[in-house]
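Results of the structural survey
Chain residues, written in single-letter form:
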Amino acid sequence: MNLTTIIIQALGGLGLFLLGMKLMSEGLQKVAGDRLRAFLEAVSNRRVIGCLTGALVTAVVQSSSVTTVTLVGFVNAGLLNLTQALGVILGANVGTTVTAQLIAFKISDLALPCIFIGVGFKFFAKRRKWRYIGDVILGFGLLFYGMELMKNGFKPLRTHPEFIAFFTKFDAGSIGGILLCVLTGAVLTILVQSSSATVGITMALASQGLLNLPGSVALILGENIGTTITAELASIGANLGARRAARAHTMFNVIGVCYIVLLFHPFVSFVEWVTGSLMGIGPAQAAVPGHEQPNISRYIANAHTMFNVLNAMVFLAILPLLAKAAIKLTPGKEAEVVLQDMGRPMHLDYKFVDNPSVALAQAREETVRMGRMAQVMYRDVTDVLFNRKLENLARWKQSEEALDNLQRAITEFLVQVSQGSITELESREVNSLLRMVNNFERVGDATENLAELTEEMVENKLELAERGMEDYQTIRDKVGRFLEMVTTAAAERHREIMDAAKLMEDEINFMRDEMRDDYLGRLRSGVCTVDPGLVFVDMLANFEKVGDYCYNIAQAVAGER
C-alpha cells in the first residue's frame, strides 16, 4: 500500500466533489435566475410557508450555505425580518439533505457520461441558458466521479491494521465516543466549508467498512454543527438582525444535536427501522464481495434527512422562542443614523459581491434609501419658501454630499458585482440600478439649485405674488408625487409604471411652460415685479429637471433602459 497514493486519490476525489458541488449549485442558480431571489424575498410571516420555501430553494441550489448566506444578506439589507429568516433557515437545513440522498443512489456509472455531456453543453452550446445547464450536468458528473475516487482511495485502508485501529476510536457505543464523533464531524466541516462534502466523506469511509452506522450518524450530527460556521462568517460586520439570524441558525443545529445525542441509540434504531423495515433496504453492515457495504450510504442519508426534518418540526413549533433567544444571545441596538453618517452605505457588504442574488438586493435597497433621502431633501428645501425659515435649509448641503457619496459607493459596488459571474438578467439589473443611482444624484443637484434660489428669495426678502405662490405649490407638489412614485416603484419593482410616468412628465412639462407664460403675461401687465419673477422662472426650470430625472428612473425600473 502506497500511503501517498491513497492520500492524493482521496484528496483529489474530494476536490472534484467540491468542484462538482460548486458548478452544479452555481449552474442551478443561473438557470433559475431572478426567480429564486424573488421567491426568497416573497417569504411570508407564516413559518410553515417559510420553512417549505427554504427547503425547496435549497433543494434546487443544492447548498444550504448558499441559502443561509443569502438570508443573512437579505436580513442585513432589511428585506426580511428575523422571524421570516428563521423559518426559511429551518427549511434550508432540510433541503440540503437532498444532496446526501442523491449520493446514496448507486448511479456512479453515470458520472463520466454526465461529464462528457456537460462539457459539450458548456463549451459548444450557443445559448447562455444551455451553457448553464451544461454546468449543472458537468457538476453532477464531477460530484459522483469525485465520490467514486474517494471510495476507491479509501479501499486499501480497510485492511491496514493502523487505520483500522484509528477508526475504531469512532465508536458511538459510549457517550465519549459519540461526542468524539460529533466534534470530529464539526471540525471537518468547518475546515472543508461544506456539509455535503463531509457527508460524502463519511459515506465513502462507511462504505469501505471503516465506520459503522452509529459512528457515521454521530459524525453526521457534528457536520450539522460545522455547517453553521458559513453563516456566522457571513454575519461578521453585518447589522444586528443579520448577526441574530446567524446566531439562531447555530442555536438551532447545536440544540438539535444535543437532544439527539441524549436519545442517540433510540434515534439510530429508528433510522434502522425506517430504512430496513419500511424501505426494504438490506442491513446497513451487509458486505458484498470485495468488502464494500453498499447499503450503509442510504442509512446515513436517511439519518441526515430525519435529523433535520425532526429538528425543523420541533423548532417550527417554538420559533418565536428561538427568535427571542437569538435576541438575548446577541444584545445591542442598531446604531442610529446621524446626519454625518447619511452618506455611509447601510446595506452594502462586499462579502456578498460573489453572490449576485444578495449583492443586487443590497444594492437595490441602498438605491431606494438614496431615493428616500432625495425625497426628504426635496421636501425640506421646497418647504422653506412657505415658512421662510432659512435654518431649515441647513441640511441641504450635507444631504447633497450624502447623495454624492452614496452614488460613488453604490456604483463601485455594482461594478465589482458586474465583474463576477453574472447572468444576462443580472447584468441588465446592474445597468438599471446604475441608471437609478445616477438620476437620484441628479435630483439632488437640481434640489441644490432650488435651495440656492430659495435662499436668494428669503435673504433678499423677495415675495412672489399670490398667483405665483399658487403655481409654485402646484408644480412643487406634482414633482414631489412623481419622485415618491418612482422611489416606491424602485422598492417594489413595479415595472408597469411607464404609462403613469409619461403622464406625469407631460403634465410637469405643460405646467412649466404654462406657468412661465403666465408669469411673463403678469409681468407685462405690471402685476408682478422682475426680480422674484426671474428667480421663479429658474425654479420652474429646476422642477422640470427633477421631473425628467424621475422619468429616467421610471424607465430604469421598467427595464426599458
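Remember, predicted model here, so these are calculated numbers, not experimental data. (Residues numbered from 1 in each chain as written. Predicted model: local features only at pLDDT ≥ 70, side-chain atom pairs only at ≥ 80, totals over all residues. Heavy atoms only, no water.)

**Remarks on the overall build of the chain**
Counting its regular elements, the chain contains 23 helices and zero strands. Per-residue burial over the chain gives 54% buried out of 561 residues. Pairs at least 24 apart in sequence give 82% of the contacts found in the chain among residues at least 6 apart. Of the roughly 24400 Å² that the chain leaves accessible, carbon and sulfur atoms contribute 60%. (Helix = DSSP H or I, 4+ residues; strand = E, 2+ residues; numbered from the N terminus. Buried < 20%, exposed > 50% of the residue type's maximum accessible area, 1.4 Å probe, protein only. Contact = heavy atoms within 4.5 Å. Areas by Shrake-Rupley, 256 points an atom, 1.4 Å probe, with all protein chains shown as cover.)

**Comments concerning helix α7 (residues 111–124)**
For α7, built from 14 residues, the straight-helix expectation of 20 Å at 1.5 Å per residue is met to within 8% by its first-to-last C-alpha distance of 20 Å. Here α7 has its buried residues at Ala111, Cys114, Ile115 and Gly118. All buried residues of α7 fall inside an arc of 100° around its axis, so they share one side. Exposed residues on α7 whose side chains face more than 90 degrees from its buried face are Leu112, Phe116, Phe123 and Phe124. Check the buried side of α7 and you find it contacts α8 (128–154). (Expected span 1.5 Å × (residues − 1). Arc of directions from axis to C-beta.)

**Comments concerning the packing of aromatic side chains**
Evaluation of the coordinates by the stated rule reveals eight aromatic pairs. For the pair Tyr378 and Phe543, a centre-to-centre distance of 6.2 Å together with 75° between the ring planes defines the contact as edge-to-face. Placement of Tyr378 in helix α18 (residues 356–387) and of Phe543 in helix α23 (residues 530–558) is noted, with a sequence separation of 165 residues between them. Look at Tyr378 and you get buried, because its relative accessible area is 4%. With a relative accessible area of 0%, Phe543 lands in the buried category. With centroids separated by 5.6 Å and ring planes inclined at 70°, the aromatic side chains of Tyr472 and Phe543 adopt a geometry described as edge-to-face. Residue Tyr472 is located in helix α21 (residues 466–492), and its partner Phe543 is located in helix α23; the two are separated by 71 residues in the primary sequence. Accessibility expressed as a relative area gives 1% for Tyr472, which makes it buried. The rings of Tyr378, Phe386, Tyr472 and Phe543 are connected pair by pair, giving a single aromatic cluster. (Phe/Tyr/Trp six-rings, centres within 6.5 Å; stacked < 30°, edge-to-face > 60°.)

**Observations regarding unusual backbone geometry**
The phi angle of most residues is negative, glycine excepted, and most peptide bonds adopt the trans form. Even without a glycine there, the phi angle at Arg493 is positive, about 55°. Take Arg493: it is sitting in the loop between α21 and α22 (498–525).

**So, the packing of α18 against helix α20 (residues 424–459)**
Contact geometry for α18 and α20: axes closest at 9 Å, N-to-C directions at 15°. By the angle between their axes, α18 is roughly parallel relative to α20. The two elements α18 and α20 cross, and the hand of that crossing is left-handed. When grouped by side-chain class, the residues that make up the contact of α18 with α20 number 20 nonpolar, seven polar and five charged. (Axes fitted to C-alpha atoms, helices over the stretch in contact; angles between N-to-C directions. Parallel < 35°, antiparallel > 145°, perpendicular 65-115°, else oblique. Left-handed = near helix turned anticlockwise from the far one by under 90°. Nonpolar A, V, L, I, M, F, W, Y, C, P; charged D, E, K, R; others polar.)

**Observations regarding the pattern of salt bridges**
Where charged atoms from two side chains of opposite charge approach closely, those side chains can pair. Overall, the coordinates contain 15 salt bridges when judged by the stated rule. The salt bridge involving Arg512 is made with Glu544; its shortest N-O contact spans 3.6 Å. With Arg512 in helix α22 and Glu544 in helix α23, the pair connects residues that are 32 residues apart, well separated along the chain. We note that Arg512, like Glu544, is buried. Look at the salt bridges and you will find they share partners, linking Arg512, Asp513, Arg516 and Glu544 into a network. (Salt bridge = Lys/Arg side-chain N within 4 Å of Asp/Glu carboxyl O.)

**A look at the environment of Asp380**
With respect to the helices and strands, Asp380 occurs in helix α18. Given the relative accessible area of 23%, Asp380 is considered partly exposed. Considered as a pair, Asp380 and Thr447 are 67 residues apart in the sequence and their alpha carbons are 9.8 Å apart.

**Considerations on the confidence of the model for the chain**
Scored by pLDDT, the chain comes out at a mean of 81, with 86% of its residues at no less than 70. Here residues 335–340 is a poorly scored stretch, pLDDT under 50, and it has five contacts once near neighbours within four places are set aside; other chains count. (pLDDT = per-residue confidence, 0-100.)

**A look at the nonpolar core**
Core analysis: the biggest nonpolar cluster contains 65 residues, and Leu414, Met436, Phe482, Val486, Met539 and Phe543 have the highest contact counts within it. Secondary structure elements with two or more residues in this core: α18, α19 (396–418), α20, α21, α22 and α23. Ranked by the residues each element gives to this core, the list is headed by α23, at 14 residues. Non-local contacts of Met539, meaning those with residues more than four positions away in its chain, are made with Leu385, Leu450, Leu453, Thr454, Met457 and Tyr472. Among the nonpolar cores identified, the runner-up in size contains 54 residues, and Met150, Ala204, Val217 and Val268 belong to it. (Core = buried A, V, L, I, M, F, W, Y, C linked by side-chain atoms within 4.5 Å.)

**A few points about the side chain of Thr198**
Structurally, the position occupied by Thr198 is in helix α11 (residues 195–207). On the accessibility criterion, Thr198 (0% relative accessible area) is buried. Setting aside residues up to four positions removed in sequence, Thr198 forms contacts with Leu188, Thr189, Val192 and Glu223.

**Notes on the environment of Met469**
Along the chain, Met469 turns up in helix α21. Along the sequence, Met469 and Phe536 sit 67 residues apart, while their C-alpha atoms lie 9.4 Å from each other.

**Description of the environment of Ala234**
As for its position among the elements, Ala234 is in helix α13 (residues 229–234). Judged by its relative accessible area of 8%, Ala234 is buried. Placed 166 residues apart in sequence, Ala234 and Thr68 show a C-alpha to C-alpha distance of 9.1 Å. Not counting the four nearest positions on each side in its chain, Ala234 is found in contact with Val69, Val72, Asp349, Lys351 and Phe352.

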